[in-house]
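Examination of the molecular architecture
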Amino acid sequence: MIRLDKVSKRYRTAAREEYALRDIDLHITEGELCAIVGTSGSGKTTLLNIFGGLDRSYTGTVTVAGNDLHGLSDAALAAFRNRHIGFVFQQFSLLDHLTCEQNVLLPFHFTRAPFAGDPRQRAREALEHVGLGHKVGETPRNLSGGQKQRVAIARALFFKPRILLCDEPTGSLDSTTGQQIIETFRSLNAEGYTVVIITHETRVSSAARRVIRIEDGRIVSDGTEATAGGATA
Ligand SMILES: Nc1ncnc2c1ncn2[C@@H]1O[C@H](COP(=O)(O)OP(=O)(O)O)[C@@H](O)[C@H]1O
Ligand SMILES: [Mg+2]
């Protein structure tokens, strides 16, 4: 489903040139739930943005759902993202003056991608999917943090992608609410979504079957972290 071969990425700033990722080989198969962990600055977001098709300045090969991302034009890459990938971020990035339904419809309005069926009906379905069917007409302003994140998840589900990529999705939530959000991702995974979650919280990564640890732009371990502390080979 997601395959990286010898992927490297350098950021060039005026002062210096620095590798953010070095020679990453990674294969995530369909239906996996995996966590990417590592300290701040280790390269997690850079990695997710590359295989999410948000960042195309890298070397090596990235293949997602059979598409070599370097081979896609900007327009084709945007269409690829709509079709295959839903993004969830730490900041929910909802518009407070719109209703929940209108927020979930934003990707549809932005992309003007062809859509079979009634978009508003789809938005309501997506909100029901995350347990917020009763909030369609409300604005996010009065929702809890966990509810806001679930609106953002509903928005990510709008085009029925097969892959959910989540960058610190519980980073703005208290631990109980964060746990509920993780449960939402687990049930989406049980439905067949491939889910990749960046986190630096062990309570989140312990919910994943596979934990990929990155340090200094390299994968230093990749496996099931049955042992506390992540001391896997
Ligand atoms: N836009 C950028 N310009 C220059 N350097 C960057 C940029 N984005 C990230 N970096 C650097 O790349 C490295 C990895 O960053 P990032 O992927 O954001 O790490 P993480 O998500 O694990 O905290 C860091 O050293 C960071 O400073
Ligand atoms: Mg990050």
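My aim in this report is to walk through the structure given alongside it, one point at a time.

Another point: the overall build of the protein chain. Within the protein chain, the regular secondary structure consists of eight helices and 10 strands. Computed over C-alpha atoms, the radius of gyration of the protein chain comes to 18 Å, within 12% of the 17 Å expected from 2.2 N^0.38 for 233 residues, which places it in the range of a compact globule. Principal-axis analysis of the C-alpha atoms gives the protein chain an extent of 45 × 45 × 35 Å. Split into buried and exposed, the 233 residues of the protein chain put 50% on the buried side. Partitioning the contacts of the protein chain with sequence separation of at least 6, the portion at a separation of at least 24 is 68%. Here the protein chain displays about 11000 Å² of accessible surface, and carbon together with sulfur accounts for 48% of that area. Side-chain charges in the protein chain split into 28 positive and 26 negative, and the spacing between the mean points of these groups amounts to 3 Å.

Lining the immediate surroundings of ligand 1 are Tyr11, Thr13, Glu18, Ala20, Thr39, Ser40, Gly41, Ser42, Gly43, Lys44, Thr45 and Thr46. Ser42 is positioned with one of its backbone polar atoms (N or O) 3.2 Å from an oxygen atom of ligand 1. Here an oxygen atom of ligand 1 and a side-chain polar atom of Thr46 are 2.6 Å apart. Computed on the free molecule, ligand 1 has an accessible area of 560 Å², of which 63% lies beneath the protein chains in the complex. Sorting the residues of the shell around ligand 1 by element identifies β2 (17–28) and α1 (44–51) as the ones contributing at least two each. Per-element tally for the shell around ligand 1: the top contributor is α1, with three residues. In terms of residue class, the shell around ligand 1 is made up of two nonpolar, eight polar and two charged.

We now examine the nonpolar core. Leu164 and Phe185 are the most contacted members of the largest nonpolar core, which totals 40 residues. Of all the secondary structure elements, the ones that give two or more residues to this core are β3 (33–37), α3 (100–104), α5 (119–129), α6 (145–157), β7 (163–167), α7 (175–190) and β8 (194–198). Of the residues forming this core, the biggest block, six residues, is contributed by α6. Among residues more than four places away in sequence, those in contact with Phe185 are Val88, Ile153, Leu164, Cys166, Pro169, Val195 and Ile197.

Within the secondary structure layout, Thr63 lies in strand β4 (residues 59–64). Given a relative accessible area of 24%, Thr63 falls into the partly exposed group.

In this structure, Asn82 sits in helix α2 (residues 74–84). Apart from residues lying up to four places away in sequence, Asn82 is in contact with Thr111, Ala113 and Phe159.

Glancing now at the pairing of strand β10 (residues 218–223). Where strand β9 (residues 210–215) lies against β10, five bridges are found, and the strand directions are antiparallel. Paired with Ile214 across the two strands is Ile219, which belongs to β10. A loop of two residues connects β9 with β10, the two strands running antiparallel in sequence, and Asp216 in this loop sits at a positive phi of about 50°.

This brings us to the packing of aromatic side chains. Scanning the model with the defined rule gives six aromatic pairs in all. Relative to Phe159, the ring of Phe158 has its centre 5.0 Å away and its plane inclined at 90°; by these criteria the two rings are edge-to-face. When its relative accessible area of 0% is taken as the criterion, Phe158 is described as buried.

Before going further, it helps to spend a moment on the sheet that holds strand β6 (residues 85–89). Taken together, the six strands give an open sheet; going across it, the order is β6-β7-β8-β3-β9-β10, and neighbouring strands pair in mixed fashion. Across the chains shown, the open sheet's two edge strands, defined by having one partner strand only, are β6 and β10. Shown here is a sheet whose adjacent strand axes are inclined to one another by a mean of 15°, direction ignored. Bridge count between β3 and β8: four bridges; the pairing is parallel.

The rules behind these values
- Residues numbered from 1 in each chain as written.
- Chains lettered and ligands numbered in written order.
- Predicted model: local features only at pLDDT ≥ 70, side-chain atom pairs only at ≥ 80, totals over all residues.
- Heavy atoms only, no water.
- Helix = DSSP H or I, 4+ residues; strand = E, 2+ residues; numbered from the N terminus.
- Rg over C-alpha atoms; globule rule 2.2 N^0.38 Å.
- Buried < 20%, exposed > 50% of the residue type's maximum accessible area, 1.4 Å probe, protein only.
- Contact = heavy atoms within 4.5 Å.
- Areas by Shrake-Rupley, 256 points an atom, 1.4 Å probe, with all protein chains shown as cover.
- Lys, Arg positive; Asp, Glu negative; His and termini not counted.
- Charge placed at Lys NZ, Arg CZ, Asp CG, Glu CD.
- Near = heavy atom within 4 Å.
- Polar contact = N/O pair within 3.5 Å; in protein donor to acceptor, adjacent residues only side chain to side chain.
- Nonpolar A, V, L, I, M, F, W, Y, C, P; charged D, E, K, R; others polar.
- Core = buried A, V, L, I, M, F, W, Y, C linked by side-chain atoms within 4.5 Å.
- Pairing = 2+ DSSP bridges.
- Phe/Tyr/Trp six-rings, centres within 6.5 Å; stacked < 30°, edge-to-face > 60°.
- Axes fitted to C-alpha atoms, helices over the stretch in contact; angles between N-to-C directions.

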